[in-house]
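The primary structure of each chain is shown beneath.
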Amino acid sequence: MDSKPLPKDYLKLHFIVIILGFTAILGRLTDVSSLGVVFYRTLLAASGMWIVAQFQKKSLKVSWKDALPLLGVGAIMSFHWICFFGSARASTVAVSLVTFSTTSFFTSIIEPIVRKTKISWVEVFLGILVVLGMYFVFTFEGKYIVGILIGLVGALLATVFSVINAQFAQKYDAQIVTFYEMVGAFGAMWIYIPIIIFALPNEHFQLMPTNYDWLWVGILGLVCTVYPYIEMMHLLKKISAFTLNLSINMEPIYGIIMAYFIFGESEKMTSGFYIGGALILLSVVLHPFLKKK
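The following paragraphs examine the structure supplied in this document. Residue positions are given per chain, counting from 1 as you read along its sequence in written order. Local features in this predicted model are restricted to residues of pLDDT 70 or higher, and side-chain atom pairs are both shown and tallied only at a pLDDT of 80 or more, whereas totals for entire chains, interfaces and linings draw on every residue. Hydrogens and water molecules were not included; the side-chain quantities draw on all heavy atoms of the structure.

## Considerations on the packing of helix 5 (residues 93-100) against helix 8 (residues 145-168)
Logical step 1: With their axes 8 Å apart at the nearest point, helix 5 and helix 8 run at an angle of 40 degrees to one another. When the interaxial angle is binned, helix 5 and helix 8 end up oblique. For the crossing formed where helix 5 meets helix 8, the hand is right-handed. Touching Val-95, Thr-99 and Phe-100 of helix 5 are Ile-148, Gly-151, Leu-152, Ala-155 and Ala-158, all from helix 8. Lines fitted to the C-alpha atoms define the axes, with helices restricted to the stretch that makes contact. Angles between their N-to-C directions range from 0 to 180 degrees. Helix and strand definitions follow DSSP, with helices as H or I runs of at least four residues and strands as E runs of at least two, each counted in order from the N terminus. Just so you know how the angles are binned, under 35 degrees is roughly parallel, over 145 roughly antiparallel, 65 to 115 roughly perpendicular, and the rest oblique. Each crossing gets its hand from how the near helix is turned against the far one by less than a right angle, where anticlockwise is left-handed and clockwise is right-handed. Should any heavy atoms of two residues lie within 4.5 Å, those residues are considered in contact.

Here it is in structure tokens:
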């Protein structure tokens, strides 16, 4: 890590989480399928980052040896987004966001393995608390089982790329990492789209945005991707991937509140769902106190 995080770093992190909490809502507002949303999001994000770099007169060139791992992580990232938006479509925004919170549990196991450090039992405990929260969501929202399972796959993929990015953050400039990952994500969509359409012949996939779809996809690709992902790479120089993912567990709280005001009763869940959400929120609150001890 470059240095210890400051209070302003945590404030910036939660501002990023609020922005990310809006992404599932944008994905639900558009009529474009999850495949189309991710395709245009990655295209706009990669283009936006390139334009910013040109404006700053900053070179994004790296060797192929350095570029290939970044492009590969981008491919993982795009499949995570397909799962994330697909989960919201198969269930609700709230279910998708809460399921995504299991990243902290996956990270508590995967990060120590990658970094070759001892497993923190505090982090495992907090991760288990999140899983317990997910148990309540599973139990009381069983009708959304497909959306939950898709969301869990997306959460695992999010853990993988965030842990790897924590390593990249110590070696590469944040803009370079994010640019090549977005390029890799966009390139991977040319492979994922025909495979998924072939695998699900009875499903209808609307890939072309119309009318307001362009506005929602534009905000998603530029505002909700370029800024937060570059800033997260900066923050990973100071904080661990576990701390980042645990803080992102607040994304459901922000997202559910916004979704309820936008979509109304369709986002209203059972009491068990909110018990599960409260346990996930508790893990975020307990983290700094337990780590300090």
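## A look at unusual backbone geometry
Logical step 1: Phi at Lys-57 takes a positive value of approximately 55 degrees, unusual for a residue other than glycine.
Logical step 2: Accessibility here uses a 1.4 Å probe with only protein chains present; expressed as a share of the type maximum, an area under 20% marks a residue as buried, one over 50% as exposed, and anything in between as partly exposed. For Lys-57, a relative accessible area of 79% gives the class exposed.
Logical step 3: A positive phi angle, close to 50 degrees, is found at Asn-211, a residue other than glycine.
Logical step 4: Along the chain, the position of Asn-211 falls in the loop between helix 9 (174-199) and helix 10 (213-235).

## Points about a nonpolar patch on the surface
Logical step 1: Note that patches include only residues with greater than 30% relative accessible area and no salt bridge, and the join distances are 9 Å for like charges and 5 Å for nonpolar side chains (Val, Leu, Ile, Met, Phe, Trp, Tyr). Residue burial considers only the protein chains on display, and all accessible areas are found by Shrake-Rupley using a 1.4 Å probe. We define a salt bridge as a contact between a side-chain nitrogen of Lys or Arg and a carboxyl oxygen of Asp or Glu at a distance within 4 Å. Taken together, Ile-109, Ile-113, Ile-119 and Trp-121 make up a surface patch of nonpolar side chains, about 430 Å² in accessible area.
Logical step 2: As for its placement among the helices and strands, Ile-109 is situated in helix 6 (residues 103-115).

## Looking at the packing of helix 4 (residues 64-90) against helix 9
Logical step 1: Orientation of helix 4 relative to helix 9, taken along the N-to-C sense of each, is 55 degrees, at an axis distance of 6 Å. Judged by the angle between their axes, helix 4 and helix 9 are oblique. Between helix 4 and helix 9 lies a crossing of right-handed hand. Together, Ala-67, Leu-70, Leu-71, Val-73, Gly-74, Ala-75, Ile-76, Met-77, Ser-78, Phe-79, Trp-81 and Ile-82 of helix 4 and Ile-176, Val-177, Tyr-180, Glu-181, Met-182, Val-183, Gly-184, Ala-185, Ala-188, Met-189, Tyr-192 and Ile-196 of helix 9 make up the contact between the two elements.
Logical step 2: Any residue outside Ala, Val, Leu, Ile, Met, Phe, Trp, Tyr, Cys, Pro, Asp, Glu, Lys and Arg is labelled polar, Gly included; the first ten of those are nonpolar and the last four are charged. Among the residues making up the contact of helix 4 with helix 9, the classes are represented as 20 nonpolar, three polar and one charged.

## Some details on the pattern of salt bridges
Logical step 1: Scanning the entire structure with this criterion turns up three salt bridges.
Logical step 2: A salt bridge links Glu-231 to Lys-12, with the shortest nitrogen-to-oxygen separation between them at 3.2 Å. Linking Glu-231 in helix 10 with Lys-12 in helix 1 (residues 7-21), this pair joins segments that are 219 residues apart in sequence.
Logical step 3: Judged by its relative accessible area of 14%, Glu-231 is buried.

## Some remarks on the environment of Phe-273
Logical step 1: Position of Phe-273 among the secondary structure elements: in helix 13 (residues 271-292).
Logical step 2: Relative accessible area serves as the criterion here: at 1%, Phe-273 is assigned to the buried category.
Logical step 3: Separated by 175 residues in the primary sequence, Phe-273 and Val-98 place their C-alpha atoms 9.0 Å from one another.

## Here we look at the packing of aromatic side chains
Logical step 1: Here the aromatic set is Phe, Tyr and Trp, taking the six-membered ring for Trp, and pairing holds for ring centres within 6.5 Å; pairs whose planes are under 30 degrees apart are stacked, those over 60 apart are edge-to-face, and all others are tilted. In total, this model carries 12 aromatic pairs according to the counting rule given.
Logical step 2: Their ring planes at 50 degrees and their centres at 5.0 Å tell us that Phe-39 and Phe-186 sit as a pair that is tilted. With Phe-39 in helix 3 (residues 34-55) and Phe-186 in helix 9, this pair connects stretches of sequence that are 147 residues apart.
Logical step 3: Judged by its relative accessible area of 13%, Phe-39 is buried.
Logical step 4: The rings of Phe-39, Tyr-40, Phe-186, Trp-190 and Trp-214 are connected pair by pair, giving a single aromatic cluster.
Logical step 5: We call a charge positioned above a ring when the Lys NZ or Arg CZ atom is no farther than 6 Å from the ring centre and deviates by at most 35 degrees from the ring normal. Above the face of the Trp-81 ring, Arg-41 is positioned so that its terminal group lies 3.9 Å from the ring centre.

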